[in-house]
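Structure at a glance
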Amino acid sequence: MMHWLKNIVSLKTRAYINDYCKRNGLLTLSVFAVVMGCVLGFVLRSLNLSTQAKIYFSFPGELLMRMLKMLILPLITSSLMSGLSAMDTKASGRLGVLTITYYLWTTFIAVIVGILLVIIIHPGTGSEKEGHHASSGPVMTSADALLDLIRNMIPSNLIEATFQQYRTDLLPIVQNSDVKDSQANYVYIMPDYHNPQLGHPVFLEITPAPDIKYKIVPSTSKGMNVLGIVIFSATMGLLLGKMGERGAPLVNVCQCINECVMKIINAAMWYFPFGIVFLVAGKILDMHDPAHLGEKLGMYFITVMCGLFVHGLILLPLFYFFFTRKNPFTYIRGLLQALVIALATSSSSATLPITMKCLLENCGVDRQIARFVLPVGATINMDGTALYEAVAAIFIAQVNEYDLDFGQLVTISITATAASIGAAGIPQAGLVTMVIVLTSVGLPPADISLIVAIDWVLDRFRTMINVLGDALAAGIMAHLCRKDFEKAANNGRDTVISFGNQSVAMSDAPLITHRCDYVYEVDGDNVLEKPVACYNLCQV
């Protein structure tokens, strides 16, 4: 049978199929897994599974999320420390300024796109609130949210920052007012229906409501404080680079951890298609009636999707072409695996290991640049989230028939940009920061419930745009800063390691599994032999 197949299929076709499977086999399986998950989810909805059955069914998808989240902390710390320690101080400073400026600019552009589309399409027209929303009390102000963002930049405890972050809470304190001073009695004359000339006196005693004051108390919320860890790791990396020889042992440890994480990712990649099927299907099983959601929030969904399409597939590639003069879609083709994982997990932080792998292996981005730009981008670059928050705020205003003036639109644009920076790279984090945007223009925060039902779908698409923006930024920075790194490579001092027949720079050294034979220090045209420094884990 196999011999017969070999005779039919030409050698050229077999070579093409083999090459395609090697390059795009995993990507094809991942896309197929997303489609299979959607089909399986809608088929199983007819069975009306119990809550416990849904939990058991979603277990393989839960394992996928846990596996990805497990790698976030070691990848961020090792990437930033090893990447920045190998950079020249001037080059790293220029890269940092350009990266953060570009991220803020693209986020602001995304907000403007969202505001323009929601004003043009006007999805809130004809939509009505359902049910009664109970008052949720006062919520955190924009000033408190900004202060929390700054506090999270400098965590008081690094170990604590790995699993929770600081948050300001408002604690209600009930103060009973003095009844004697505030009591008011009224006498009403009610008409008598049998004899309109007469009336019945009604005595009404009004008890005043208790006086409630809110006290600001420090609190914490679950979830890794990625912003604080990024800033600490970047600071450590810059200082390790300045320490030179004394910092080399810790840099070597970080490089080893980074490479081990990438090897774990390579091994775990083949589990992803299986996990994606159950992750997507489980979410569809939890979804409310799709027909009712489409009728109520269809135009809102279309508005957000149009904004993400314009920003992600028109503006961001245009920025890439403008800065690099290269075809952006050839570059994006190498990122498809990361985009599929972002669609399935709806977490830019969980997708970070896959994005790093795609940039290094498919897009040819410099390792040092990718190690800095991607972790920072996964923390502060939330283009899709910022666009969604602006659209959602104006949609809620339209539902409430609340006309926003130009000043309030400017307030929404600035607040949505700032709030997206503070949004954690976890599923549905945008809903938390959405409260800040609504309160900035006096809209009721309880109305977030209008869009919660469809948020999980939009969350996946805006995460794709967040990941795409990070990756395109890495390509732009690699082009803009290439001369700085060429100068650093030509003029700077670097350590060359020789093992076997290979010689590589210390900054790009892989995980070395056998003893170093020779170590030389290259300073311009001079080559100096150095004693071999052997470090073990205890000494480090």
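Owing to the predicted nature of the structure, the values given are computational and were not obtained by experimental measurement.

What about the overall build of the protein chain?
Looking only at helices and strands, the protein chain has 21 helices and eight strands in total. The long-range share in the protein chain, meaning contacts at least 24 apart out of those at least 6 apart in sequence, stands at 80%. Element-wise, carbon and sulfur atoms account for 63% of the exposed surface of the protein chain, whose accessible area totals about 28600 Å².

What to know about the side chain of His-311
Turning to its location among the elements, His-311 is positioned in helix H12 (residues 290-324). By relative accessible area, which is 1% here, His-311 ends up buried.

Concerning the packing of helix H5 (residues 89-121) against helix H20 (residues 452-480)
Two elements in contact, H5 and H20, have axes separated by 11 Å at closest approach and are oriented at 140°. With respect to H20, the axis of H5 lies oblique. In the packing of H5 onto H20, the handedness of the crossing is right-handed. Here Arg-94, Leu-95, Leu-98, Thr-99, Tyr-102 and Tyr-103 of H5 come into contact with H20, specifically with Gly-469, Asp-470, Ala-473, Ile-476, Met-477 and Leu-480.

Points about the packing of aromatic side chains
Counted under the stated rule, the structure contains eight aromatic pairs. Joined through ring pairs, the aromatic side chains of Phe-57, Tyr-271, Phe-274 and Phe-278 make up one cluster.

A word on the UniProt feature "transmembrane region" (unreviewed entry) in the protein chain
According to UniProt, the positions carrying the feature "transmembrane region" (unreviewed entry) are residues 26-47, 68-87, 102-121, 223-241, 268-285, 297-323, 409-427 and 434-458. Counted over residues 223-241, helix gives 84% and strand 0%. Its end C-alpha atoms are 30 Å apart. With 83% helix and 0% strand, residues 268-285 has end C-alpha atoms that lie 26 Å from one another.

Re empty space enclosed by the protein
One pass over the structure, following the stated rule, counts three cavities of 30 Å³ or more. Estimates place the volume of the second largest cavity at around 40 Å³. Taken together, Ser-348, Thr-351, Leu-352, Thr-355, Leu-374, Ala-378, Val-467 and Asp-470 make up the lining of the second largest cavity. Of all the elements in the fold, those that place two or more residues in the lining of the second largest cavity are helix H15 (348-363), helix H16 (367-380) and H20. If one sorts the elements of the lining of the second largest cavity by residue count, H15 sits on top with four residues.

Quick word on the pattern of salt bridges
For the structure on display, the rule yields four salt bridges. Its salt-bridge partner being Asp-148, residue Arg-151 comes within 2.8 Å of it at the nearest N-O pair. Here the residue Arg-151 and the residue Asp-148 both occupy positions in helix H6 (residues 142-153), the gap between them amounting to three residues, near one helical turn. Accessibility expressed as a relative area gives 36% for Arg-151, which makes it partly exposed.

Description of helix H17 (residues 383-399)
Here H17 is 17 residues long and its end C-alpha atoms lie 25 Å apart, about the 24 Å a rise of 1.5 Å per residue gives. By the criterion of burial, H17 is predominantly enclosed, with 17 of the 17 residues buried.

Some points on the confidence of the model for the protein chain
Reading fine detail from the predicted coordinates is not recommended where pLDDT is low. Taken over all residues, the pLDDT of the protein chain has a mean of 78, while the share at 70 or more is 76%. Taken element by element, the protein chain is modelled with least confidence in strand S5 (residues 494-499), mean pLDDT 42, and with most confidence in helix H13 (residues 328-333), mean pLDDT 92. Every residue in residues 132-137 is under pLDDT 50, and counting partners more than four places away or in other chains gives five contacts.

Rules and cut-offs
Residues numbered from 1 in each chain as written. Predicted model: local features only at pLDDT ≥ 70, side-chain atom pairs only at ≥ 80, totals over all residues. Heavy atoms only, no water. Helix = DSSP H or I, 4+ residues; strand = E, 2+ residues; numbered from the N terminus. Contact = heavy atoms within 4.5 Å. Areas by Shrake-Rupley, 256 points an atom, 1.4 Å probe, with all protein chains shown as cover. Buried < 20%, exposed > 50% of the residue type's maximum accessible area, 1.4 Å probe, protein only. Axes fitted to C-alpha atoms, helices over the stretch in contact; angles between N-to-C directions. Parallel < 35°, antiparallel > 145°, perpendicular 65-115°, else oblique. Left-handed = near helix turned anticlockwise from the far one by under 90°. Phe/Tyr/Trp six-rings, centres within 6.5 Å; stacked < 30°, edge-to-face > 60°. UniProt positions renumbered as here; feature names shortened; annotations may be inferred. 1 Å grid on protein atoms, 1.4 Å probe; cavity = no way out; pocket = protein on both sides within 12 Å on 5 of 7 lines; lining within 4 Å. Points joined across faces, edges and corners; volume = space filled by probe spheres on them. Salt bridge = Lys/Arg side-chain N within 4 Å of Asp/Glu carboxyl O. Expected span 1.5 Å × (residues − 1). pLDDT = per-residue confidence, 0-100.

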